[in-house]
Amino acid sequence: MNSRRNFIRTAGLASLGLAAGLPEGYASLPPGRKPHKQQFNMSGFRAPKMNTVKIGIIGLGQRGPSHLSTMCHLEGVEIRALCDLRPEKVNQVVRILEGTNHKPTLYSGDKDIWMKLCGQEDLDLVIVTTPWYMHASMSVYAMEHGKHVASEVPAAGTVEECWKLVETAERTKKHMIMLENYAYGVFQLLTLNMARQGFFGEVVHGDCAYNTSKMGNNFSKTLYWDMWWLRLYASRRGNIYPTHGMGPVAQIMNINRGDRFDYLVSMESNDFMMQAQARELAQTDDFFKPFADKTYRGNMSSTLIRTVRGKTILVQHDATSPRGPHTMIHAITGTKGLAQEYPLPPRISRDLKGWLSQEEYDRLAKEYTPKIIDRMGELTRQFGGHGGGDLLECWRLVDCLRNGFPLDQDVYDAAAWSSVVPLSEWSVLNRSNSIEVPDFTQGAWKTNEPNMDINLTNCGETRVLT
Ligand SMILES: NC(=O)c1ccc[n+]([C@@H]2O[C@H](COP(=O)([O-])OP(=O)(O)OC[C@H]3O[C@@H](n4cnc5c(N)ncnc54)[C@H](O)[C@@H]3O)[C@@H](O)[C@H]2O)c1
């Protein structure tokens, strides 16, 4: 259709200043269509087994140390390299490893020092936990240097970067996955199993969200490196954090394996809170003056995605409203029933009589609980009661790598889910016109098998070390 005109309109907006003020290193690109022929199907890919997974981590703010603490308690893991731009972060984090056998090489002090980590010969896996607009370039570089990659969410910020991840993974035959921990939420796993067993009949629609107030976090002068989240809210539009809610729904709808995203539309409100907050703070604190005249992404972002098989997904993102509880909508609507979490408690309905009783809910939850949830319980107990989704995702990643099993997510998930970031931005900037989502599998979605192994058909014996 009018893709050339669309390209020019977006490019025009970029030249009018949308791209200005982006965090350093970020390349704003309009959603371009790129001819790509699949070189190798990474869906179901099995890498050669490795007894020990030798890991390097780039980015040691909050998420990096959290993965480090989990990973160093898994059998068959060696932490071989740690990197952060800021030396004090590396020095702080290395203390987690005191008294253990992990002796990582440390990298810090330069914005390109992470390249040295990627070039370190003895690494198998690079975990990328820097601000998300850096993820794709770091992931691509790591794959080019022979490493598997697990990137925090989202994995990319432009369509071009999404393609780059796909092309590089296919060419280098390296795993590239996103660490979407919400795919390991108990209700998400339960509803995935229910969907696979046909409980919902045909799944028609999914509602999902990441709605949680981050005003305190985003305006904190110390929490995030260089105020990067606040800068993103001032430089991007659309849903800049879609994957927590959408990933599990995409798995339930078999996106990239039986169905795929076709097109989306996105709309957002104005910003009624962020600029006001910046201006108020700037009155008494000069630090906030540069933020006071910026315009910010609208407070409520809503994106509707339609799949080629005619299903719909509504993805919301609101990081500003003064909502106390963290609200992660996860609602699945099908021809024979529906399930919904948030507002709590989780509920199921299968007729016109209303929500099922707690007793009936508990009975169904027991009947449909997949093996992976039971395993999560065991692992969490071994880990001293901590863990949940984060522990499960790290354990699955390590256990699958050690045993040469396919991973629960793949590069096509990372690309398709992350592409909602730039595509929703494009739609917002174009009066909510629709935009096609590229087929990152290049037709392989028709025959790809589901990959989230909730019944642990491919599962080893990797232990949690206490
Ligand atoms: N899955 C989840 O539940 C979850 C939760 C929080 C954050 N995240 C994601 O994790 C990522 C990191 O978030 P965070 O909260 O830890 O941010 P953060 O700001 O606390 O940490 C980012 C770190 O990256 C470092 N860094 C910046 N530039 C660098 C460079 N060139 N080389 C090396 N290090 C560099 C910074 O010094 C900082 O320590 C983000 O992409 C975010 O979206 C995911």
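### Quick look at the overall build of the protein
Scanning the protein for helices and strands turns up 16 helices and 14 strands. Taken over C-alpha atoms, the radius of gyration comes to 22 Å for the protein, in line with the 23 Å a tight globule of 466 residues would show. By its C-alpha atoms, the protein is 60 × 55 × 50 Å across when sized along the principal axes.

### Observations concerning unusual backbone geometry
Here V153 and P154 are connected by a cis peptide whose omega angle stands at -20°. Within the secondary structure, P154 sits in the loop between strand 5 (148-151) and helix 6 (159-172). In the segment running from Y342 into P343, the intervening peptide bond is cis, with an omega of 0°. Position of P343 relative to the elements: it lies in the loop between strand 12 (338-341) and strand 13 (347-349). The phi angle at N254 is positive, at roughly 55°, despite the residue not being glycine. The exposure class of N254 is buried, given the 22 C-beta atoms found within 10 Å.

### Let's talk about the packing of helix 14 (residues 371-382) against helix 15 (residues 389-403)
Closest axis-to-axis distance for the helix 14/helix 15 pair is 10 Å, and the angle between their directions is 100°. The pairing of helix 14 with helix 15 is recorded here as roughly perpendicular in orientation. Judged by residue contacts, M376, L379 and T380 of helix 14 engage L391, L392 and W395 from helix 15. Counted by class, the contact of helix 14 with helix 15 contains five nonpolar, one polar and no charged residues.

### Comments concerning the confidence of the model for the protein
Per-residue pLDDT for the protein averages 92, and the proportion of residues at 70 or more is 92%. This stretch, residues 1-29, has a pLDDT under 50; its non-local contacts, to residues over four places away or in other chains, come to 33 contacts.

### A closer look at the nonpolar core
Ranked by size, the top nonpolar core spans 119 residues in total, and within it I55, V126, L165, V166, V411, A414 and A415 carry the most contacts. Top contributing element to this core by residue count: helix 16 (residues 411-429), with 10 residues. Filtering out sequence-adjacent residues up to four positions away, V166 remains in contact with V411, Y412, A415 and F440.

### Description of the sheet that holds strand 9 (residues 300-307)
Strand order in the open sheet made by the eight strands is 13-12-11-7-10-9-8-14, with mixed pairing throughout. Looking at the sheet topology across the chains shown, the edges are occupied by strand 13 and strand 14 (435-436). In this sheet, strand 12 lies alongside strand 11 (residues 330-334) in antiparallel orientation, the contact comprising four bridges. Its bridge partner being in strand 12, H330 is matched across the sheet by E341. Across the sheet, helix 10 (residues 243-252) is in contact with strand 7 (203-211), strand 10 (312-318) and strand 11; its angle to strand 7 comes to roughly 160°.

### Thoughts on the pairing of strand 10
As paired strands, strand 7 and strand 10 are joined by seven bridges and run parallel to one another. Bridging across to strand 10, Y210 finds its partner in H317. One ladder, built from seven bridges, connects strand 9 with strand 10; its direction is antiparallel. Of the residues in strand 10, the one forming a bridge with S302 is Q316. The loop that links strand 9 with its antiparallel partner strand 10 comprises four residues; one of these, G310, has a positive phi angle of about 85°.

Cut-offs used in this document
- Residues numbered from 1 in each chain as written.
- Predicted model: local features only at pLDDT ≥ 70, side-chain atom pairs only at ≥ 80, totals over all residues.
- Helix = DSSP H or I, 4+ residues; strand = E, 2+ residues; numbered from the N terminus.
- Rg over C-alpha atoms; globule rule 2.2 N^0.38 Å.
- Buried ≥ 20, exposed ≤ 12 C-beta atoms within 10 Å, placed from the backbone.
- Axes fitted to C-alpha atoms, helices over the stretch in contact; angles between N-to-C directions.
- Parallel < 35°, antiparallel > 145°, perpendicular 65-115°, else oblique.
- Contact = placed C-beta atoms within 7 Å.
- Nonpolar A, V, L, I, M, F, W, Y, C, P; charged D, E, K, R; others polar.
- pLDDT = per-residue confidence, 0-100.
- Core = buried A, V, L, I, M, F, W, Y, C linked by C-beta atoms within 7 Å.
- Pairing = 2+ DSSP bridges.

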